[in-house]
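# Structural description and commentary
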Amino acid sequence: MKTNIKFEYFVYSLPIILYYFLFFQYAVNAPKWDDFAIIQFVNEISNEPNLSNKISFLLKQHNEHRIVFTRVIALVDYYIFGKVNFIHLMFVGNLALLLIVFLIVKMVFQKTKKFILCFVLLLFWHSLCFYENIFWGMAAIQNFWIIAWFLLSLYFLLNNSKYRILVYFFTLIAVYTSGNGILLISIYSLFFLVKQDTRLFLKWIIFGFIILIAYFFNYRIPSQNNLTQFDFLIFLKSVFLLAGSMTEGLILPVKQYLFVMVFGIIISLFSFYKIFILGFKIFTKKEFSNSELSLFAILFFCFGTIFMVVFSRCGQIELEGFLLSRYKVYSVLLVSVLLISFVESFNFGGVIQLFILISVLFWFVCIQHYFLFFTINQRHFFTTMVFNWGNLKSNTGENQLQSWEGVIPFVYSNQVNKIDSTNSIKIRDKVHFEVSDYLNNNLLDNGLYLLLRNRKNIFLFPFIQNPKHSYRNLFNYSDFYEIGALFDSNLYEMGVLPGYYQVELYDRGVVHSWKGQTIYIPDIKSKEVEKNW
């Protein structure tokens, strides 16, 4: 199948353009969960005059990891722009995806015509199935760049002995990007062992030993890693779910959970078969190519990481937790290299590759539609969180309005009357509001919000509308949502301060009273202790 080179690059650019269009549409400059540790680090290191203490802050353990690379990027951003911009961190993290695709193509392809499979790889690696990583500064850098550093180090290991020093360099960065970078030490030890180069093997072992000592110096096992809850059957199910997790969101006539599990089993068995066959071939000194070595190393790295993730989280999160989008990079990496290996093993021509392309396009369309819902909800959550932070820092509407970037210009126009506390509903746990006839198919910030106001504070929270995820609606984004909107959450956990509040709805620039409803949020610290007699 001959194609014009300009046409090829045009086709290649399409998923990339779409990806970054969505990125700039939905990215929010706000810290998310572990990002707060980045803020703390920047504050500590920028106010610390002592160099040794600065290095200590840089190397400090974060959960199971030492996220030196992420901290360096945040620090550079801080010194250039005067503050940490989390969209910058997300953008830097997402840049790794193109490098990952390029390196997979360079290392794993052997003889297949590349046009269709290259486009397939770009679809795999530029989809919203990674939405958590895409729009989360620290996770984007850590979870995307660890794969890029691994593939870079592997590329120089296999292809250019002249620049082998870069293998050591990229391995070092990988280890200090994410904890699973440690796997590279064992993978490359096997490589040097197979090569029967005693000098290189000893140098690598010494290097790896130094890295391990430095990494585990003053290391503390995180408290959530409770091995007493380990269950082998749950462990196995979790491995299969994580391995097949990239298929979550496909519209199929079977239950989604079941299909993901079955697909994960197939992928895992095929991977173990490949590892066994390639390992036997490599270690029995039969002829093998660099692409075979690359495939062996990537599969080893993927399942090593999957085992580490499942082992550290098994018993701590529900099985469905292994479908989280932040883990899907390893499912996509597995399928990427196995698909290329499968096509090359049977030397499939253009017709089969075209069938693969159509199948992957179907996957891509389903995934984009499915995860756009989560992407929008995540944006709403963090934009309102930024707004509410402004409320905690200051009681002036102007500061909050700036935090919201002008999206809600009418919130402060209505005067809040004195609230009648005698008719207020006391909220202790979850609060549930439902508007059964509401519909707004805007896919940005317009939508229904819960507004809690008194004379001192204003809090804003998004309602959720359920999407129409079906064959009929895959391309009809103008009819994205079902009728009805729901808010169901714990206001304590959402950071609402104690007090009496008017309950109102905010919708497209207009504030509506909720039937004159008021609620009371008690001070949880002063809550009376229950007696058991």
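All of these numbers come straight from a predicted model, not from anything done at the bench.

Parameters and conventions
Residues numbered from 1 in each chain as written. Predicted model: local features only at pLDDT ≥ 70, side-chain atom pairs only at ≥ 80, totals over all residues. Heavy atoms only, no water. Phe/Tyr/Trp six-rings, centres within 6.5 Å; stacked < 30°, edge-to-face > 60°. Helix = DSSP H or I, 4+ residues; strand = E, 2+ residues; numbered from the N terminus. Buried < 20%, exposed > 50% of the residue type's maximum accessible area, 1.4 Å probe, protein only. Patch = residues over 30% accessible without salt bridge, like charges linked within 9 Å, V, L, I, M, F, W, Y side chains within 5 Å. Areas by Shrake-Rupley, 256 points an atom, 1.4 Å probe, with all protein chains shown as cover. Salt bridge = Lys/Arg side-chain N within 4 Å of Asp/Glu carboxyl O.

### Side note on the packing of aromatic side chains
For any pair of aromatic rings, the description rests on two quantities: the centre-to-centre distance and the angle between the ring planes. Throughout the structure, instances matching the rule amount to 57 aromatic pairs. Each ring, one from Trp204 and one from Phe207, has its centre 5.1 Å from the other, and the planes form 40°; the classification is tilted. Here the residue Trp204 and the residue Phe207 both occupy positions in helix H12 (residues 198-215), the gap between them amounting to three residues, near one helical turn. Overall, Trp204 belongs to the buried group, its relative accessible area being 0%. Among the residues examined, Phe207 registers a relative accessible area of 16% and is labelled buried.

### Some words on a nonpolar patch on the surface
Taken together, the side chains of Val72, Val76, Ile80 and Phe81 present a nonpolar region at the surface, about 370 Å² in accessible area. Checked against the element boundaries, Val72 lands in helix H4 (residues 68-81).

### Description of the pattern of salt bridges
All chains considered together, the criterion is met by seven salt bridges. Here Arg326 ties to Glu132 by a salt bridge, and the two come within 2.8 Å at their closest N and O atoms. Linking Arg326 in the loop between helix H15 (290-313) and helix H16 (328-345) with Glu132 in helix H8 (residues 131-134), this pair joins segments that are 194 residues apart in sequence. Linking Glu504 and Arg453 is a salt bridge whose minimum nitrogen-to-oxygen distance equals 2.6 Å. Of this pair, Glu504 sits in strand E6 (residues 499-507) while Arg453 sits in strand E3 (residues 448-453), placing them 51 residues apart in sequence. Residue Glu504 is classed as buried on the basis of its relative accessible area of 6%. Given a relative accessible area of 1%, Arg453 falls into the buried group.

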